[in-house]
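The residues making up each chain are set out below.
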Amino acid sequence: MVTMTTSLRSIMELCWRRGQEEASLWVQALRYFAVREDEESREHVAEILQYIEQKNLLPPLMVVKALSENATTPISVLLSYITRHIGIEEEQTAENDALVKKYSEEANKMREEIKKLKSEPVIFQTNKCTKCAKKLNLPVVHLLCRHSWHQQCFEELADLEEDCPACSADNRQTLE
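Presented here is a report on the structure given in the accompanying data block.

Conventions adopted
Residues numbered from 1 in each chain as written. Predicted model: local features only at pLDDT ≥ 70, side-chain atom pairs only at ≥ 80, totals over all residues. Heavy atoms only, no water. Helix = DSSP H or I, 4+ residues; strand = E, 2+ residues; numbered from the N terminus. Buried < 20%, exposed > 50% of the residue type's maximum accessible area, 1.4 Å probe, protein only. Contact = heavy atoms within 4.5 Å. Expected span 1.5 Å × (residues − 1). Disulfide = S-S within 2.5 Å. Axes fitted to C-alpha atoms, helices over the stretch in contact; angles between N-to-C directions. Parallel < 35°, antiparallel > 145°, perpendicular 65-115°, else oblique. Left-handed = near helix turned anticlockwise from the far one by under 90°. Nonpolar A, V, L, I, M, F, W, Y, C, P; charged D, E, K, R; others polar.

Regarding the side chain of Glu53
Position of Glu53 among the secondary structure elements: in helix α3 (residues 39-55). You can call Glu53 buried: its relative accessible area is 18%. Ignoring anything within four residues of it in the chain, the contact list for Glu53 reads Tyr81, Arg84 and Ile88.

Structural data, given as structure tokens:
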């Protein structure tokens, strides 16, 4: 004999088996359990919300919409989910704000450095080759990044790189 409890469990088992591939199963299960007023269904709603949140399966708005289709769904079902999501969003916003501030400061420093490079002479006081670390002697290649090379050392590496060979790894990382 199939009881209601068995049927509810089988719905959850189907979601656990197939829900990763088909996120709409979780929405359908959420809607189904939300219209039911028994305690077991509310437990399943909480379990579904926790799984959706952990796996980031659905946007919060879709979850709220699914639960709001039933006028009898208590707000307590959604309260902890929404509170956690708002907390996560606030943390992400704070992190993004910090990154924006950091990048703005870096950009301002770069603008100032570019301004100086355009208007002031650059003095090179390096006395060792960046590649071989031997004392520099003519002919020498000086770059605005302040790396200096014997011409031969530079030509060996410059054929492989478009930028300063010493800076190219950092530049590539910055671009990524």
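Digging into α3
Over its 17 residues, α3 extends 25 Å from the first C-alpha to the last, a length consistent with the 24 Å expected when each residue adds 1.5 Å. For α3, the set of buried residues is Ser41, His44, Val45, Ile48, Leu49, Tyr51, Ile52 and Glu53. Once α3 finishes, Asn56 follows within two positions and takes phi at roughly 50°, a positive value.

A short note on the state of the cysteines
What makes a disulfide is a covalent bond joining the sulfur atoms belonging to two cysteines. Summed over all chains, the structure comprises zero disulfides. The thiol of Cys164 is not disulfide-bonded; the next cysteine sulfur, from Cys145, is found 3.6 Å away. Not engaged in a disulfide, the cysteine Cys167 finds its nearest cysteine sulfur in Cys145; these two sulfurs lie 3.7 Å apart.

Considerations on the packing of helix α2 (residues 24-35) against α3
Where α2 contacts α3, the two axes come as close as 9 Å, and the packing angle between them is 155°. On the basis of the axis angle, α2 is roughly antiparallel to α3. Between α2 and α3 the crossing geometry is left-handed. Between α2 and α3, the residues in contact are Trp26, Ala29, Leu30, Phe33 and Ala34 and Ser41, His44, Val45, Ile48, Leu49, Tyr51 and Ile52, respectively. Residue composition of the contact of α2 with α3, grouped by class: 10 nonpolar, two polar and no charged.

Concerning the environment of Ala23
As for its placement among the helices and strands, Ala23 is situated in the loop between α1 (4-18) and α2. Remark: the alpha-carbon pair of Ala23 and Ile52, spanning 29 residues in sequence, is separated by 8.8 Å. Not counting chain neighbours up to four residues away, the residues in contact with Ala23 comprise Leu57 and Leu58.

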